[in-house]
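# Secondary and tertiary structure notes
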Amino acid sequence: MKKNMYTRITIVLFIIGLMIAVQYNTIQKPAERDTRDIWAIREELAEEKKRHSTLLADIRSLNDVVGRYEQSEKTNLQSILNETLDRLKQQAGLTDVIGPGVILRVAPAPELIAMGYDIEEISPDLLTQLLNALFKYDAANVAIDGNRIVHTTAIRDINGKTTVNSVPLSSPPFEIYVGTTSFKEAQKMYSSIQASTFIDSFYLDNFNLVIEEPTEYLTIPAFNHPLTNDYLTEGKKGD
């Protein structure tokens, strides 16, 4: 009888010990959670809202085009098609754009020139980081050393030369034209670049990044190379 009682007590104590061990392990190793601070979360939320607003604007624009197609007579249909084609060419970067913007100048550090050092190529990675930041700051159109940036643009090193759209960049100095949707946006762009770390980053690579004052009229040249298309095919007549 006593043996059975001891056995039961042992089993109960074992179960209690096991539960305590599991609870202790859970406390020591809590489930992973998002450790970002509130500002990082707010920044991500702002980016998502901006993306949402852009999509809504695109939907409104497309609905407007559809409405005009439906309301137009056949005599006006050709003009609407031409307007749509011009708008799509502008979005693809196939036309010159004139408007407000900012000019960035990339030049070798004066100390290098004074001491007779050879001017090195600018790093494709540094140029790509700057380009990503410009679009983050709401750049509408960008041209680097006369090369328009489009969705197929690649910035890379080819045989020791930094290229944009497979075209080697001029030896510094060269200019980066940044177009914006309004003069107010150009002023914001100017302030954002001035407050960023890119001036220091370029200086560490022995370059000076100079940001000129915003201007009302800046011409961004059109993309002057054939656009590659890997996915769309021309449909047969009548499809």
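Our structure's up above, just so we're on the same page.
On a predicted model such as this, the values are computed, not experimentally measured, just so you know. (Residues numbered from 1 in each chain as written. Predicted model: local features only at pLDDT ≥ 70, side-chain atom pairs only at ≥ 80, totals over all residues. Heavy atoms only, no water.)

This part is about helix 5 (residues 124-136). A turn of α-helix holds 3.6 residues, and therefore any two residues three or four places apart point the same way. Helix length check: helix 5 (13 residues) gives 18 Å between terminal C-alpha atoms against 18 Å at 1.5 Å per residue, within 8%. Three or more residues of helix 5 are buried, namely Pro124, Leu126, Leu127, Leu130, Leu131, Ala133 and Leu134. The N-cap residue of helix 5 is Ser123: its side-chain oxygen and the backbone nitrogen of Asp125 are 3.2 Å apart. Phi turns positive, to about 75 degrees, at Asp138, one or two residues after helix 5. (Helix = DSSP H or I, 4+ residues; strand = E, 2+ residues; numbered from the N terminus. Expected span 1.5 Å × (residues − 1). Buried < 20%, exposed > 50% of the residue type's maximum accessible area, 1.4 Å probe, protein only. Polar contact = N/O pair within 3.5 Å; in protein donor to acceptor, adjacent residues only side chain to side chain.)

On to the side chain of Asn141, then. Here Asn141 shows up in strand 2 (residues 141-144). Residue Asn141 is classed as buried on the basis of its relative accessible area, which comes to 16%. A distance of 2.9 Å separates polar atoms of two side chains, one belonging to Asn141 and the other to Arg148. Beyond its immediate stretch of four places on either side in the chain, Asn141 contacts Val97, Arg148, Tyr177, Val178, Gly179 and Ile220. (Contact = heavy atoms within 4.5 Å.)

Attention now goes to the pattern of salt bridges. Taken as a whole and assessed by the stated rule, the structure comprises four salt bridges. The salt bridge involving Arg105 is made with Glu175; its shortest N-O contact spans 1.7 Å. With Arg105 in strand 1 (residues 97-108) and Glu175 in strand 7 (residues 174-179), the pair connects residues that are 70 residues apart, well separated along the chain. A residue is classified by how much of its surface remains accessible, and Glu175, at 24% relative accessible area, is partly exposed. The closest approach of N and O atoms between Lys188 and Glu185, which form a salt bridge, is 3.7 Å. Of this pair, Lys188 and Glu185 both sit in helix 6 (residues 183-195), three residues apart, which is roughly one turn of that helix. Here Lys188 falls in the partly exposed class, since its relative accessible area comes to 44%. For Glu185, a relative accessible area of 18% translates into the label buried. Put simply, Arg105, Glu175 and Glu212 are held in one network by salt bridges that share partners. (Salt bridge = Lys/Arg side-chain N within 4 Å of Asp/Glu carboxyl O.)

With that settled, consider the side chain of Arg148. Examined against the element boundaries, Arg148 turns out to sit in strand 3 (residues 147-148). This buried residue, Arg148, is left without a salt bridge; Asp96 holds the nearest opposite charge, at 5.7 Å. Here Pro221 takes part through its backbone oxygen, which lies 3.0 Å from a polar atom of the side chain of Arg148. (Lys, Arg positive; Asp, Glu negative; His and termini not counted.)

What follows concerns the pairing of strand 4 (residues 155-158). Sheet topology places strand 4 next to strand 5 (residues 161-164); four bridges connect them, and they run antiparallel. The residue of strand 5 that forms the bridge with Ile158 is Lys161. The turn joining strand 4 and strand 5, which pair antiparallel and follow one another in sequence, is formed by two residues; a positive phi near 55 degrees is taken by Asn159. (Pairing = 2+ DSSP bridges.)

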